[in-house]
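Observations on the model geometry
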Amino acid sequence: MAFSSWCSRLRSSSKTIYARCRPSHFSHHEFQTSLISHGLIARRTRPFQWLSAYFVAAAGATLASQFDPVPSFCDATEIHEANEFIVKGSHKNVPFELINELKAICGDNLTMDFDERSFHGKPQNSFHKAVNIPDVVVFPRSEEEVSLIVKSCDKHKIPIVPYGGATSLEGHTLAPFGGVCIDMSEMKGIKALHVEDMDVVVEPGIGWMELNEYLEPYGLFFPLDPGPGATIGGMCAARCSGSLAVRYGTMRDNVINLKAVLANGDIVKTGSRARKSAAGYDLTRLLIGSEGTPGVITEITLRLQKIPQYSVVARCNFPTIKDAADVAIASMLSGIQVSRVELLDEVQVRAINIANGKNFPEAPTLLFEFIGTEAYSREQTVLVQKIVADHNGSDFVFAEEPEAKKELWKIRKEALWACFAMAPNYEAVLTDVCVPLSCLAELISRSKEELDASPLVCTVIAHAGDGNFHTVILFDPNDEDHRREAERLNKFMVLTALSMGGTCTGEHGVGTGKMKYLEEELGLEALKTMKRIKTALDPNDIMNPGKIIPPHVCL
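A quick note: this is a predicted structure, and the numbers were derived from the prediction, not measured.

1. Re the confidence of the model for the chain
When pLDDT is averaged along the chain, the result is 85; 84% of the residues meet or exceed 70. Of the regions scoring below 50 in pLDDT, residues 1–73 engages in 185 contacts with residues more than four places distant in sequence or in other chains. For residues 76–86, every residue scores under 50 in pLDDT, and the model assigns this stretch 16 contacts once sequence neighbours within four places are set aside.

2. Examining the packing of helix H3 (residues 96–106) against helix H5 (residues 143–156)
The geometry of a pair of packed helices is captured by two quantities: the angle between their axes and the separation between those axes. Interaxial distance between H3 and H5 falls to 10 Å at its minimum, and their mutual angle equals 175°. It follows from the interaxial angle that H3 and H5 lie roughly antiparallel. Every residue of H5 that contacts H3 at Glu97, Leu98, Glu101, Leu102, Ile105 and Cys106 is listed here: Glu145, Leu148, Ile149, Ser152, Cys153, Lys155 and His156. Here the contact of H3 with H5 is composed, by residue class, of seven nonpolar, two polar and four charged.

3. Quick notes on the side chain of serine 447
When you line up the elements, serine 447 lands in helix H16 (residues 440–453). With residues up to four places along the chain from it excluded, the contact list for serine 447 reads Phe469, Phe492 and Met493.

4. Focus on the pattern of salt bridges
Taken as a whole and assessed by the stated rule, the structure comprises 31 salt bridges. Between arginine 141 and glutamate 145 there is a salt bridge, and its shortest N-O distance comes to 3.0 Å. The class for arginine 141 is partly exposed, based on a relative accessible area of 42%. Classification of glutamate 145 as buried rests on a relative accessible area of 13%. Lysine 191 is the partner of glutamate 299 in a salt bridge, and the nearest nitrogen-oxygen pair spans 2.7 Å. Of this pair, glutamate 299 sits in strand S12 (residues 295–303) while lysine 191 sits in strand S7 (residues 190–194); the two residues are 108 residues apart in sequence, bridging distant segments of the chain. Assessed through its relative accessible area of 47%, lysine 191 is described here as partly exposed. Among the charged side chains, a salt-bridge network with shared partners connects Asp225, Arg340, Glu369 and Lys413.

About the criteria used
Throughout, a residue's number is its position along its own chain's written sequence, starting from 1. Local features in this predicted model are restricted to residues whose pLDDT is 70 or higher, and side-chain atom pairs enter the listing and the counts only when it is 80 or higher, whereas totals over whole chains, interfaces and linings include all residues. By convention in this description, side-chain values take in all heavy atoms of the structure and omit both hydrogens and water. The score called pLDDT rates the predictor's confidence residue by residue, from a low of 0 to a high of 100. In what follows, a contact means two residues having at least one pair of non-hydrogen atoms within 4.5 Å. Fitted lines through C-alpha atoms give the axes, limited to the stretch in contact for helices. The angle between two N-to-C directions lies from 0 to 180 degrees. Under the DSSP-based scheme used, a helix requires at least four consecutive residues in state H or I and a strand at least two consecutive residues in state E, with every element numbered from the N terminus. The scheme is simple: roughly parallel for angles under 35 degrees, roughly antiparallel for over 145, roughly perpendicular for 65 to 115, oblique for anything else. Charged residues are taken to be Asp, Glu, Lys and Arg, nonpolar residues to be Ala, Val, Leu, Ile, Met, Phe, Trp, Tyr, Cys and Pro, and polar residues to be all remaining types, Gly included. Salt bridges are counted wherever a side-chain nitrogen of Lys or Arg sits within 4 Å of a carboxyl oxygen of Asp or Glu. Between buried and exposed lies partly exposed: a residue is buried under 20% and exposed over 50% of the maximum accessible area for its type, with that area taken using a 1.4 Å probe on protein chains only.

Spelled out as structure tokens, the structure:
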């Protein structure tokens with residue numbers, strides 16, 4: 001697939017254009033004009049990634065610099081309404097002194113260009129609204145620069161938002177309080193590769209796809225495969241996974257240690273390179289999935305895998321989505337070591353046919369991948385074929401040649417983009433519930449009934465081997481009824497998953513979008529414990545504020 005949606009655009013940085021683009025209602029209008037005239041706004045022309053317009057989610061209304069007062073960080077009246085809480089933020093002007101300090105640290109790797117700040121402050125892949133944008137975007141080139149930036153922001157009590165590949169879906173990189181956006185894209189080096197130990201030390205800005213290109217000549221690869229464009233730092237922050245998690249685990253299982261800059265500027269390393277350790281608190285796991293709220297990740301040591309010797313890819317169809325889910329569960333219970341089990345409903349297959357001019361049977365579909373030796377991969381394929389036959393499956397086909405495997409797997413790889421062929425001017429809500437494997441068939445069946453009854457176009461894409469399934473809910477961003485219906489469907493699936501002992505997010509993370517469900521999922525005491533940790537490490541609450549922990553949680 002040619003990832004045409006990840007193309008470059010140049011920053012608009014002339015003073016004339018900047019003045020024309022900047023809204024007159026910004027309270028710090030004169031402040032920024034003065035900065036330009038004194039040369040404090042760096043003018044960068046570095047290209048950066050931009051998603052195709054049809055995939056950019058709704059970004060909200062006016063990007064004003066003054067909003068309602070910050071909601072109370074200990075408002076007991078909100079406790080019983082946690083599921084309805086909407087994050088809000090108020091803006092605090094960045095002082096001249098901090099701008100001067102950041103300029104001294106970053107040099108030209110700093111911008112206050114409105115277009116650039118707006119891009120970093122709006123959600124790129126999600127429908128969540130942006131209430132503010134960053135006041136300044138910095139592009140550090142080293143861990144030491146990150147430490148100095150954070151230390152200065154902490155001194156002035158100015159919020160920080162770490163920024164990776166901009167592929168997150170739940171408003172992780174929104175800047176509800178303005179402040180400083182730390183774009184890690186300049187820190188994309190590979191610091192050390194230990195082939196015999198099967199690990200690699202990288203900076204956070206490198207993408208997983210670029211890393212695997214580097215590792216391929218050594219016969220190694222990093223097994224997590226989220227969306228194209230995702231960076232290793234962001235993948236750690238969101239505790240991502242992907243289609244290979246059923247075989248290799250999530251980010252939590254594939255990071256050996258980390259380095260991070262804490263809110264006071266201290267640099268902490270969380271462990272050694274040993275494959276196992278019982279030395280002290282597991283700070284690595286504390287930071288993975290923390291979404292930048294306790295610190296900024298600056299270095300990661302990753303566990304690697306050998307590139308499989310052989311693989312087989314198979315596809316089969318079913319009369320109902322429950323039959324397909326039952327086969328995925330039965331395959332896992334049989335002990336067959338599949339590397340991928342992906343489920344697509346008939347609407348998703350129809351989208352693929354429309355987008356690619358294909359003629360696949362428009363029925364619930366399972367895709368499998370088996371890896372190992374040639375004999376082992378074929379043996380597993382035959383075993384699964386029998387399970388499929390016992391569960392009303394049909395049209396079982398498999399491929400062993402590279403091009404044929406690529407063509408079969410292309411169905412899944414292009415699934416998300418294909419959805420927009422059904423409604424080119426629409427945007428998407430992507431859901432992310434996950435349940436114990438035994439509950440998957442029931443959850444998908446109940447959700448499918450609700451989705452089919454909705455006036456919106458909805459598709460199902462599931463990592464069926466580990467109980468995680470997504471829906472793509474297409475809606476007209478200009479139709480408020482559409483938006484409300486999309487949010488209703490999302491909430492229905494979340495609450496249904498929670499009632500089954502599941503989670504509101506299997507791999508996308510919390511951000512602002514899933515925060516309202518955490519009290520019901522984890523309980524108030526768990527959230528209080530998180531808040532105590534956050535307060536101890538970040539007493540000024542500058543590290544990605546307004547994410548994960550609901551403001552009503554009291555200590």
